[in-house]
Structure formats: structure tokens, C-alpha cells
Amino acid sequence: MAEMFDPLIPKIGVVTDIRIDTPDVKTFRVVTPDGKKAFDHRPGQCAMLSVPGVGEAMFSITSSPTNTEYMEFSIKKCGCVTDWLHSMEVGQEITIRGPYGRPFPVDTEFAGHDMLFVAGGIGLAPLRSVINYCRHYRDRYGKIDIVYGSRSKQDLVDYKEIIDEWANDKNVNVYLTIDREQPDWDGHVGFVPNYVKELGFSTDKIAVLCGPPIMIKFTLAGLQELGFDKTQVYTTMELRMKCGIGKCGRCNIGAKYVCKDGPVFRFDEIDELPDEY
Amino acid sequence: MVKISLEKINDFFAAVAAHGTLYIPVDTSAGAKYEKWENGKKLSDALNTVRSPKDFFFPQTENLMEFKTEGNKIEIIDTRTEHEDFVVFGVRACDVKSFEVLDKVFLSEPVDSFYKNRREHAVTVSLACTKPHETCFCGTFGIDAAEPGGDVVCYKTADALFLDAKTEKGEKLLASVVSVTEKAEKADEAEVEEQKKTVRDRLSKLPLANLKADAFGDGKTSKFFNAPEWKELSESCLGCGTCTFVCPTCQCYDIKDFNTGSGVKRFRCWDSCMYSDFTKMSAGQPRLTQLERFRQRFMHKLVYFPTNNDGMFSCVGCGRCINKCPIQMNIVKVMKKLGGGENG
Amino acid sequence: MQEIKRKALISKASELLKNGTVDRVFGWRRGEFDYDITPALFYSAEELEKDFVWNSMCGANFSKYLVKETGKSEKKVLVFLKPCDTYSFNQLLTEHRFDREKVYAVGIECGGMIDISKVKAECDGIFAVREDGDNIITETLYDGEKTFAKKDVLAERCLNCKSKKHVAYDELIGEDGDVIDCNRFDEVEILEKMSPDERFAFWQNELSRCIRCNACRDVCPACTCEKCVFDNPASGVENKAAANSFEEKMFHIIRAFHVAGRCTDCGECSRVCPQHIPLHLLNRKFIKDIDTFYGDYQAGAEVGSRAPVVNYTVDDPEPGEAVMRGDTNG
């Protein structure tokens, strides 16, 4: 009995690095006590992290599967569990279980295509895994465009990695924007959906969106105006989850469970879901 | 088929209990409930228990694991142990079917080991109904109350129990109590058949006998999701969890941590989609009003579940919600209102 | 008689709908088997004629629904109130939980409500119930037609009816009655006479059946907090199921404390409990104690009255007196 696997029983994870990304986002590096990756995952998949006595919550795995040494989670402070995670120090143990959910189809539907990634705020977290996967297997994909915006320069997650690495890659274009003017910013100012329309992308590519619901809504509308079909656009959803395995009932939308059948959905699939998310 | 006279029912229970803990429905001041059998405890005559037997496999609360923390270290303590063998006697046809519904959830990959542990160690002895109530509509979901499923099927007549093993587990159980049973004669079998006929006749004349679920099922999401009827159906719903908690097939759960002072217990407990905080997140609330929560419960039972499980509905027609809802709203009223003319 | 009354209520409601006084009516909607009556909103005379019922199975107290319902329209909603419902109505007004101007209250005389579970205990498979004078007649699947004297199957709260008087209404249909000098504290006294161990055992037995469905809280007209402490993760008591048995008991005791001085003893908690836990006894104990310590007080009897527990006076007994009395009670 004791050896029998149960999906609800987690493993121990050790936090080996904490990076302060923005005033309310930190990125945590997690490995097992013997220094290995807790498990393999695919881009877009999630994991349940918990602090015993505080609670368990689902987070998208921010690091790329091509990173074989550790996993990273970029987490915004917005509740009980995240408050606790933000207060901890390197060396702290937490629990981890996963991977959960349907990943982005990086090796099938995305393969061979130009990619457009559009993110807002903490919405970059789930996309970072895919972006770095595509950068790792650079020759499998065409041109990569990344449009990323946040409230201010300070709120741009992974700013250093974006500027030092992504922006220097061949055939990768990074377009950053912030909501309002600020003194140390000479880049674009304005909301993400408008910027996407201004940039006016050609429709021969696959778009992946992640961010606040309002950004998703207007970006999707903008892409459709540009001629994109819903079958070319993907997103990843977030609902309350407890089990992560399609049983506890919380993330049920129509006949789908976001934790199991998502979190990645193509927009034409979302159209088939009842309007309750 | 074997037989035991009702006069000797206590001997039969004693023989069963010798091979594993036996639970039977007994009468209490608050209705029938399952209790551990002890010498002299009497089988209830009630049609069904107030709480469903889902508790045996999916208890209202259970500890999943424990944690010990010291400094920044965590130890996970797997508290699972092999469950003891047990026998649940007197499960009605509807409730037997509910185990199948629950199996679809908990035994589908990835398997829930807590549930599986209990299922594997249980022997279900069902009990055919003789006097189905006005609130019964198991027939709507293809269940025959006169001939339930289970490892052993039991028929109770005026003076005897007749037992028929249906699975290997059931055969093993009956073999172990052979000292107190006798082989059923041809005449006995005829009596059982006669009783089944009578019961089926009663079933066909129940007030809800013509209730049909044909309007629901796979692919009916768009037909019913935005139906204007949800407003009227849900308008006086209190948002309590009575229907979900007495329901044999409702299985939503919550996982929570409890600080014991010396450690942390992580436990699972029943939860209800009727509750306002069920889907609440720091980022928002997809089901804002009671209408959405109410709709979710019935859409799940009548449309979403069958879509994912080859047409199997997540309702077995036991009638508990009809009896227990504080405002007397229930799945029958929902089906009649939404299904319209197609629902008798 | 009930049918005549039903017609009178329908005609009153139809008239008020027609002349525009109200745009909707809170009433009791017919079910499948006569006894399964659902609180519902009616919008037209036709709907009322078709589905509105008034009989001894219309137990539901509509007062609490007014908290949400009055916010939904600029027009008034008509609500039918039995005498005991009017106390909840007043108490909610005292607590400023709804706008009195948005309600047209019609008081109805009440001869007591039956507890269908008492009837069900005596006959199998009730598919129809009707009333004839003081009798309740059921048609059943297995016991034919059965007649019960209504007084034998009355709900507990109606056996101990505290008032036939309407303390709030815009209009009354039928006669108004009087406050009744009832024996509702008899059961409390029985509990008080028990030893602490016996009392503990009594409540342990009763509360052990609780499935924490929250029906008692959700139906309670005194429980109208926007965010209940039991739903607040920061409260430490929000668990939906007991983490230990102590907590299960605490749920009901905390609730009894929260409604102390505000509970009108409407009895809805015990009516809806799927496990037949006599929850009203906890509340009645508080009412009895408040009466004893501070003089008789009936929550909801008057709008704006201050419950003794929130109204300090120099004559109030010292807390020690309660402790002392607890000692003498064993």
C-alpha cells in the first residue's frame, strides 16, 4: 500500500534560487532534495505547489522542458499560498506534484510555423516555457515575434532575460510596451491589443496569447481583424483547482476540465465551451 | 441461489461479520443509516438510508497524508494502510449503480488510491426493492429496482432472504457463510421471480415512471446552457449543500490542511458546486450567482457527465434530493421543466 | 377552506399585480406530490391560478428572500407572511437588511404547518395530500387512503406556536390572532435538568449526524451576512467538513451565539435539517436565558427594538451571575 502511487501525494521540492522579477512577482527555482528535476513536463503544463499548513495551488511551469536541471515558477503575490511563497528564503522546502494538463502542441501544430507570442503582465509566465522551447529548437520554427506589455517597466517579468537573450536571438523580434509613460522608458507606450494591431502581423503564423481576460479578449478581436482564424490562436486558462486531475470538480466548464483537458486551448475549442470562465 | 429464514437473519449477519466488518442499514430517530453490525442489530425496513452509501468509498472527510516540518525541512508521511475487508449489506439498486458512477471518476486514470483501496476491500450485497416510493425514478436511468447489481444480490420476501452471488467476491462471501444458509429450492426461485414481477408492476405505476432522460445527454450543452428556465428553477435555491451531500453520485471535493499543533494533516472533504466559494479565485469568480451554480450541478449530471462517460448519467433516481431539499427543488423538476414534452 | 383561502390570496395578488402596486409575488409553487412546495416568484394572474398553492405544507418563510429580492426591481414585491414570518420580517428591518418601501406585505392567518416526515413515518409512498377541515388525507401507493388529525402531524414549531399575531403587514387577509403563552421552553428545561455529561451526550448524539450542508445557516433569516465567517478562509473555521469532531459541534454553537438576541425562533433551521437535528433548541436556550436575565424579550416583535444583549443598562446582571447559575445547574 505504502508504495502505491497516488496523484494527490506530492514530492518534496527545495527552493534553490529566488529571483525578484517585479514588485509582486518572484521566480522560484525548484529541485528535489537530491538536486534533480522533480519530473519532466511539456511547455504549458502546470504543477501543484504547496506549503503544508497553508495550502496547495496550481502554477504554470515557467521553465522550458529543455532545462534538464531544474524547474522555475514565476509567481505573482495574490493570496494565501503565494504570500507565503513570497516570504520564504532559499533552502526552504515545499511540496510539488504534477505535471498537469494538456501542453502546447509544440511538436505538432506549432512545428514549422512562424510564431507570434502575445503576453500581458504575469501572463508571460506560461509563455516563457514555450518561447524558450522554441528558441532551444530554433530550426524547427520560423520567425518568432514576441509582444509583451505590462503596467510599467518595473512590472515586466523576465526583463533581463528578454533584453539579454531573447532580443539578441536571430530571427526573434521582441516588442515591449508599457501602459503609461515613465522617465526611464524610451520604448513603446500603450496597451498590448492596440500594439498588436499597430504592428499588423501577417496571418501565416500561429499566435499564442496569455494575460488578463480583457487583454485576451481585445487581442483576439484585433488578430481576427488582421485576418487570423480562431484555429490559429491558442491561449492558456486559469480556474480554481484543487486536485489537478479532473476529479474535484472545480475547473469544470461544460464537459471539459481545465486542469486535465486544458489549460491550453485553441480559440475554436473555447467557442465550443459554455460561456462560464 | 441460497436461502436463509428471516428468523435466522442474526445468525447470517454473525457469519458474515466473522469474515469482515459488516454494515447494515438500521433505523434511528432520524431515519435509516448504515451502522456497523453487532449482535442483535436489526435490519431497517426503510426503503433507503438518509445518507447514501457513497461514504463507504468516498467518506465525508478523510486524511490523505500528514506533514512534519522542522526549520525549512518537510517530511511527507504517507498514512495509507491497506483497508480492512468489509461487507455493505442492503444496498438498493440505485445506490449500487452510484458506485459505478463514482468508479468512472475515481478509478479513471490517474487512479485515486484512497477510493480504490476501499472499493477493493468491499463486498456489496444489494437488496432488491419491494415497495419503491413515489420519489423513486431509477427506471429513468435504466435501473431495475427489482434486480439490483452488486457482488451478491439479495431478495427479501415475507419470511426469508434469498442470496445470489454475481461476482467472484460474492461467491467467496456466500461460500464462507454456507453453514447458516440452505440451497434455494425450485419453489423458492419461483417465489423470487413472482416477487420481481410484482415489484416491476409497482415500478411501472410509480408517479415518476414516465420520466425520461432522452432529452439530455451527450452534446446537449448548447441546447440547455442558456435556457431561460434556469432563472425560475434556481430563484429560491438557498445555495446550501444538502442535495449534493445526500446525493449518491455527487463527488466534488476540497483538499485542505489542518494544523494539529504537532504537525499538519492534509484532508479531503466533500464540497459542493452549490457553494458560492467553490470556484472563487483571487483572480475572479466564473459562477457569479446561484443560477450558474445551480445550472452547473444539473448540467453536470445530465449533460457533461454523460458526454464524458459514454452516455451514463450522473443521477440514479434515488429520490434523496426530492426528500431533503429545503426548498423542494430537485432534478425531477429540472428535467420536467427543461425537457418539456419529451419528459412525460 | 384552504381552497377558499387560496382563491382569496390569488385574487389579492392578481389585483395588486393588475393595479401596479407590485410587479411580482412571492408565493408557494405546486410540486409533484402536493407536499413538495417550492418558494417561487409569480408574475401574472395566470401563473398564480395555475401553480400558486396555500395549504398546511407552505412552511417556507419568505422574509430572508427579501434581502436580495428587493434589490432587483424598482417596483414593490408582494410577500405573503404567516404570523411567525412577520417576526423575521421585522427583525430584518431592524437590522436594515431590506428596504421596507420595496415590499407589500400581506399577512395570512395560519392554522399551523404540518411536518411531512411525521406523515411519511406512518404511510408508504404518498403521492397526493389534501386537507379536509382538521384532517390531513393522504393517498398512498401501499396503504391506500390514510387520514391524520392535523394536530398529530404538526411541525414542532407549530405545536409550540408562540404567536398567531402578525407584527408586520400592509394588509391582512383573515383574522389576526394573539401572542400565545406557549410551552416552547419545556424541552429546554428538560435539557437544563440533565447533568453536564448527559447534556453533552445528548448534543453529541444529535450533532454527530450533521453533514455540514449549511442548510440551517442558509435558510436562517438571522444569517444574512454578506460574507459568513464559515466561508471566510481567513477565519480558521471555514472548513466544509470537520477536521475534528470538536469543530462539528462548534459550528452550531458559534452559529447560535451569532444569532443570539436576533433569532425570532421561527424554526426554519430545524425544518430544513436533512438529519433532523433539533437545532431550534440551541437558539431557544439563548432566548430563555435572555428572558431570565434581562426580562422577556421577543426578537422581531417591534421594528427597531434593541436586543438586551446589545443594549447595556445599569440594571444588567453581572456576568458572574450566569456563571454562578451554571454551577447550580450542575
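On a predicted model such as this, the values are computed, not experimentally measured, just so you know.

Enquirer: Is there a simple way to explain the interface of chain A and chain B in this structure?
Expert: Note: interface size is frequently given as the accessible area lost on complex formation between the parts. Counting from both sides, the interface comprises 37 residues of chain A and, opposite them, 42 residues of chain B. For the side of chain A that touches chain B, the secondary structure elements donating two or more residues are β4 (55-60) and β6 (93-100) of chain A. Here the residues of the side of chain A that touches chain B are counted per class, giving 19 nonpolar, 9 polar and 9 charged.

Enquirer: In this structure, what is going on with the sheet that holds strand β8 (residues 145-149) of chain C? I would like to understand it.
Expert: All names here are of chain C. One open sheet holds the 3 strands; their spatial order is β6-β7-β8, and the pairing between them is antiparallel. Every other strand in the sheet has two partners, leaving β6 (126-132) and β8 as the edge strands with one partner each. Looking at each pair of strands side by side, their axes are set apart by 25° on average, direction ignored. Judged from the 6 bridges that link them, β6 and strand β7 (residues 135-140) form a sheet pairing that is antiparallel. Within β7, the position partnered with Glu131 by the bridge is Ile136.

Enquirer: Would you explain helix α9 (residues 290-308) of chain B in this entry?
Expert: In an α-helix, one turn spans 3.6 residues, which is why side chains three or four residues apart end up on the same side. Residues and elements named next belong to chain B. His300 marks where α9 bends most, by close to 55°. Burial runs high along α9: 14 of the 19 residues are buried. At the C-terminal side of α9, Asp310 shows a positive phi close to 50°.

Enquirer: Whenever I open this one, helix α4 (residues 168-176) of chain B confuses me. Can you help?
Expert: Residue and element names in this part refer to chain B. Where α4 is concerned, the buried positions are Gly170, Leu173 and Leu174. The arc that holds the buried residues of α4, viewed along the axis, is 95°, so those residues lie on one side. Facing away from the buried side of α4 by more than 90 degrees, the exposed set consists of Glu168 and Ala175. Buried residues along α4 sit against β1 (2-5), β6 (86-91), β7 (122-127), β8 (152-156) and β9 (160-165).

Enquirer: Is there a simple way to explain the confidence of the model for chain B in this structure?
Expert: A low pLDDT score tells you not to read the predicted coordinates there in detail. When pLDDT is averaged along chain B, the result is 94; 98% of the residues meet or exceed 70. Both scores are available for the predicted complex, with the pTM at 0.93 and the ipTM at 0.92.

Enquirer: Would you mind showing me how to read the sheet that holds strand β8 (residues 144-150) of chain A here?
Expert: Within a sheet, adjacent strands bond to each other through the backbone by hydrogen bonds, running parallel or antiparallel. All names here are of chain A. Taken in spatial order, the 7 strands of this open sheet run β10-β9-β8-β7-β11-β12-β15, and their pairing is mixed. The sheet terminates laterally at β10 (188-189) and β15 (264-266), the two strands that pair on one side only. Of the pairings in the sheet, the one linking β8 to strand β9 (residues 172-178) comprises 7 bridges and is parallel in character. In the strand pairing of β9, Ile144 is matched with Val172. This element, helix α2 (residues 124-136), spans β7 (114-120), β8, β9, β11 (205-210) and β12 (233-236) of the sheet and lies at about 155° to β7. The strands touched by helix α5 (residues 213-226) are β7, β11 and β12; relative to β11, the strand with the most contacts, the crossing angle is about 160°.

Enquirer: Can you help me understand the packing of helix α4 (residues 192-199) of chain A against α5 of chain A in this one?
Expert: If you want to describe how two helices pack, look at the angle between their axes and the distance between the axes. Residue and element names in this part refer to chain A. Two elements in contact, α4 and α5, have axes separated by 8 Å at closest approach and are oriented at 15°. One finds that α4 runs roughly parallel with respect to α5. The handedness of the crossing between α4 and α5 comes out as right-handed. Residue-level contacts link Val192, Pro193, Val196 and Lys197 of α4 to Met215, Phe218, Thr219, Gly222, Leu223 and Glu225 of α5. Across the contact of α4 with α5, the residue classes tally to 6 nonpolar, 2 polar and 2 charged.

Enquirer: Explain the environment of Val316 of chain B here, please?
Expert: Residues and elements named next belong to chain B. Mapped onto the elements of the fold, Val316 is located in the loop between α9 and α10 (320-324). When the C-alpha positions of Val316 and Tyr115 are compared, they lie 20 Å apart, and in sequence the two are 201 residues distant. If sequence neighbours within four positions are ignored, Val316 has contacts with Cys94, Lys97, Ser98, Val101, Cys138, Phe141, Ile143, Pro248 and Thr249.

What counts, and where the lines are drawn
- Residues numbered from 1 in each chain as written.
- Chains lettered and ligands numbered in written order.
- Predicted model: local features only at pLDDT ≥ 70, side-chain atom pairs only at ≥ 80, totals over all residues.
- Contact = placed C-beta atoms within 7 Å.
- Helix = DSSP H or I, 4+ residues; strand = E, 2+ residues; numbered from the N terminus.
- Nonpolar A, V, L, I, M, F, W, Y, C, P; charged D, E, K, R; others polar.
- Pairing = 2+ DSSP bridges.
- Axes fitted to C-alpha atoms, helices over the stretch in contact; angles between N-to-C directions.
- Bend = angle between axes of the 7 residues up to and from the residue.
- Buried ≥ 20, exposed ≤ 12 C-beta atoms within 10 Å, placed from the backbone.
- Arc of directions from axis to C-beta.
- pLDDT = per-residue confidence, 0-100.
- Parallel < 35°, antiparallel > 145°, perpendicular 65-115°, else oblique.
- Left-handed = near helix turned anticlockwise from the far one by under 90°.

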